[in-house]
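A structural walkthrough
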Amino acid sequence: MHRTPSLDNLVDDILLQIFQTLSVQEILALRQTSKRYYLLSKLRSVWYVAFCTEVLARHLPPPGPSRALRALHSADLEYRTVLALSLEKRWPRSPPKVIVSSRKRETVDQILLIPGGTQVLSVHGNKVVYWLISGQPGGTQKLQKVGEWSSPSDDTCRVVKDIDGQEIIAIGCRDKPNKHATVFSLTLKPALSKLCDYSLIPGTVAGISRHLLFLDTTSEQDGGGLELLDWHAQTEGTALLPRIPDLFGPFLGFVHFSDHILVAWETCISAFPVPDIPAQGRMVIPHTKVFMYSEHISSPVAFTTCVPRGWPCTDAPAYPPSQETPSLTIVARPKDKLGRIALSMLIPLGNDDDSKHPSSFPYRLLRLSPFVPGVLGDIDRGLRGQECTQICMGSSGRGLCVFGREVRLCGPSLVYMPRCEMQFGPTFETGKAIYEIEAGDDSVDFDEGMGRTFKIRGGNDISGFPDDVLEDF
């Protein structure tokens, strides 16, 4: 008797190999056809391949905290894969929903969403509280307090997170220079494990990246600048990225880019080589290049390469970069035009330009068209001309800005440049904003992988809204 060819006649090992060649939409559709296919589609080997090929190989921002791939179980890999594809499809025109809200009697001075979108830090005066978002994705979730740390002084704390997403934070005094600073890990047990403690630092804590602690010493009489400590080696020496007071203006932010540290000032952005920190004393690092802005900028300021950082763990497969030589976009509020966003881009020099002017930092700075929010009807609603108060950007180009009560999202897209060039840069949504925060919302923070934002409302209410409703494919 002739048998009709069917997948049902194949052994499970062959079917698994077939599942591993399917797209996520095909896997989810096939699992609906029989109990056998449903069980096979739940196996870890299927979702390991899907996560690597659909998320990591395509350089999508991976959702969730960074963990070794071998430690992620099947359901976790499936959730991360489907969420990454859903966000890629619908960003940035996805309406948000509130997933968790917690009203505290204490005043909240700062909120920080740690890369991965499941850990939150809140600052209450001289106290820092560490929270986890617990619960099933798509179900009821809550803020669970897992740790707390109090400063040895009564000064209000400021917390900074590792911009490379290593779940390392530093805590210092917000307003008073030459105080203490402490570096913590959020991955070790117990929660808020202390890695390094400085009883006295020059200036105030400005940021932390990799093994370097960045300190703002611009209040010093000689102009100061950005001073670097090697917290990992716990040495006493520092390296100074100097400021020229009459030329640079106030310090606004910094970023690692193209084997350099770029420091944003009010009038310019300066490039420095990444220094080796001396064991003792202070070493002054000369500028590699200085780029002057076409207009002065002010805080807030953010940076993006429109290239996701990828999976930091060493057990992930290696894939070619999405861009051989990425550009860097500086997103900031103009000093004299608070109701818009100024955009500048560092793009690679062409081969001819590089041969004429060889440099260890072969880039040029271009001014892009500013972003000015506003649609018909905004004047009647009293929204046009509102001040930009917050800018949050991820390395992928996903981000948000806050104008008055409006939250506007942005995403990466091709930007046309002079000389008929194209580069990837952030593009903000136009038209009516999809979300409005309440008056008195003081601070927001954003995670690009989860598409999740946390905000402080009225100084004592912490709320989070993500874009994590998973679509049916």
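Cut-offs applied
- Residue positions are given per chain, counted from 1 along the sequence in the order it is written.
- Side-chain atom pairs in this predicted model are given and counted only at pLDDT of 80 or more, local residue features only at pLDDT of at least 70, and totals for whole chains, interfaces and linings cover all residues.
- Side-chain descriptors were evaluated using all non-hydrogen atoms of the structure, hydrogens and water having been removed beforehand.
- Helical segments are the DSSP runs of H or I of at least four residues, strand segments are the runs of E of at least two, and each set is numbered from the N terminus.
- Relative accessibility under 20% of the residue-type maximum defines a buried residue, over 50% an exposed one, and the middle range a partly exposed one, all with a 1.4 Å probe and only protein chains included.
- Residues count as neighbours in contact if any of their non-hydrogen atoms are within 4.5 Å of one another.
- All accessible-area figures derive from a Shrake-Rupley calculation using a 1.4 Å probe, and residue coverage is judged against the displayed protein chains alone.
- Strand pairing requires that DSSP identify at least two bridges connecting the strands.
- All axes here are fitted lines through C-alpha atoms, helices being fitted over the stretch that makes contact, and every angle between N-to-C directions spans 0 to 180 degrees.
- Buried Ala, Val, Leu, Ile, Met, Phe, Trp, Tyr and Cys residues that are joined via side-chain atoms within 4.5 Å together make up what is termed a nonpolar core.
- Two N or O atoms form a polar contact when they lie within 3.5 Å of each other; inside protein one atom must be a possible hydrogen donor and the other a possible acceptor, and for residues adjacent in sequence the pair counts only when both atoms belong to side chains.
- What a helix is expected to span follows from its residue count: subtract one and scale by 1.5 Å.
- For this analysis, a salt bridge means a side-chain nitrogen from Lys or Arg found within 4 Å of a carboxyl oxygen belonging to Asp or Glu.
- Every residue carries a pLDDT, the predictor's confidence in it, which falls somewhere between 0 and 100.

Thoughts on the overall build of the protein chain
Across its full length, the protein chain carries eight helices and 30 strands. Per-residue burial for the protein chain yields a buried fraction of 54% across its 473 residues. Put simply, of all contacts in the protein chain between residues at least 6 apart along the chain, 55% involve residues at least 24 apart. Split by element, the accessible area of the protein chain, about 21600 Å² in all, is 51% carbon and sulfur.

A word on the sheet that holds strand S15 (residues 260-265)
Taken in spatial order, the four strands make up an open sheet running S14-S15-S16-S18, and their pairing is antiparallel. This sheet does not close on itself; its edge strands, each paired only once, are strand S14 (251-257) and strand S18 (289-292). Across the sheet, the mean angle separating the axes of adjacent strands is 20 degrees when strand polarity is ignored. Bridge analysis of strand S16 (residues 268-273) against S18 gives four bridges, and the strand direction is antiparallel. Bridging from a neighbouring strand, Ser-270 pairs with Val-290 of S18.

Re the environment of Ile-456
Its place among the elements puts Ile-456 in strand S29 (residues 452-457). C-alpha of Ile-456 to C-alpha of Val-108: the two residues are 348 residues apart in sequence and 7.1 Å apart in space.

Description of the nonpolar core
Counting 25 residues, the largest nonpolar core has Phe-19, Val-24, Trp-47, Phe-51, Leu-56, Leu-69 and Trp-311 as its most contacted members. Of all the secondary-structure elements, those providing two or more residues to this core are helix H1 (12-19), helix H2 (24-30), helix H3 (35-41), helix H4 (44-56) and helix H5 (74-90). By residue number, the principal contributor to this core is H4, which donates seven residues. Contact partners of Leu-56, with chain neighbours within four places excluded, come to Phe-51, Leu-69, Trp-311, Ala-316, Pro-317 and Tyr-319.

Digging into the side chain of Ser-151
Here Ser-151 shows up in the loop between strand S5 (141-150) and strand S6 (157-161). On the basis of relative accessibility, which here comes to 7%, the residue Ser-151 falls in the buried class. Side-chain polar atoms of Ser-151 contact the side chain of His-180, separated by 2.9 Å. Not counting residues up to four positions away in its chain, the partners in contact with Ser-151 are Asn-126, Cys-157 and His-180.

Quick notes on H5
Over its 17 residues, H5 extends 24 Å from the first C-alpha to the last, a length consistent with the 24 Å expected when each residue adds 1.5 Å. The buried count for H5 comes to 13 of 17 residues, which makes it a mostly enclosed element.

Concerning the pattern of salt bridges
Enumeration according to the criterion identifies 20 salt bridges in this entry. Of the charged contacts in the structure, one is a salt bridge between Asp-175 and Arg-174, with a shortest N-O distance of 3.2 Å. A residue is classified by how much of its surface remains accessible, and Asp-175, at 55% relative accessible area, is exposed. The class of Arg-174 is partly exposed, set by a relative accessible area of 38%. In the salt-bridge network here, residues are joined through shared partners; they are Arg-31, Lys-42 and Glu-78.

Looking at the confidence of the model for the protein chain
Averaged over the protein chain, the pLDDT score is 85; the fraction of residues at 70 or greater is 86%. In this model residues 465-473 is a low-confidence stretch, pLDDT under 50, and it forms 44 contacts with partners more than four residues away in sequence or in other chains.

A look at the pairing of strand S13 (residues 238-242)
S13 sits mainly inside the fold: five of its five residues count as buried. Burial along S13 is two-sided: Thr-238, Leu-240 and Pro-242 and Ala-239 and Leu-241, pointing in opposite directions, are all buried. Relative to S13, strand S12 (residues 225-230) runs antiparallel, the two being bridged by five bridges. Bridge assignment links Leu-229 to a residue of S13, and that residue is Thr-238. Pairing analysis gives three bridges linking S13 to strand S17 (residues 282-284), with the strands arranged parallel. Within S17, the residue paired with Leu-240 across the bridge is Val-284.

Quick notes on the pairing of strand S8 (residues 181-185)
The element S8 is largely enclosed, with a buried count of five among its five residues. Residue alternation in S8 divides its side chains into two sets, Ala-181, Val-183 and Ser-185 and Thr-182 and Phe-184, and both sets are buried. For strand S7 (residues 168-173) and S8, the ladder comprises five bridges, and the chain directions are antiparallel. By the bridge assignment, Ala-170 is partnered in S8 with Val-183. Bridging between S8 and strand S9 (residues 193-198) involves five bridges; their strand directions are antiparallel. Looking at the pairing, Thr-182 lines up with Asp-197 of S9.

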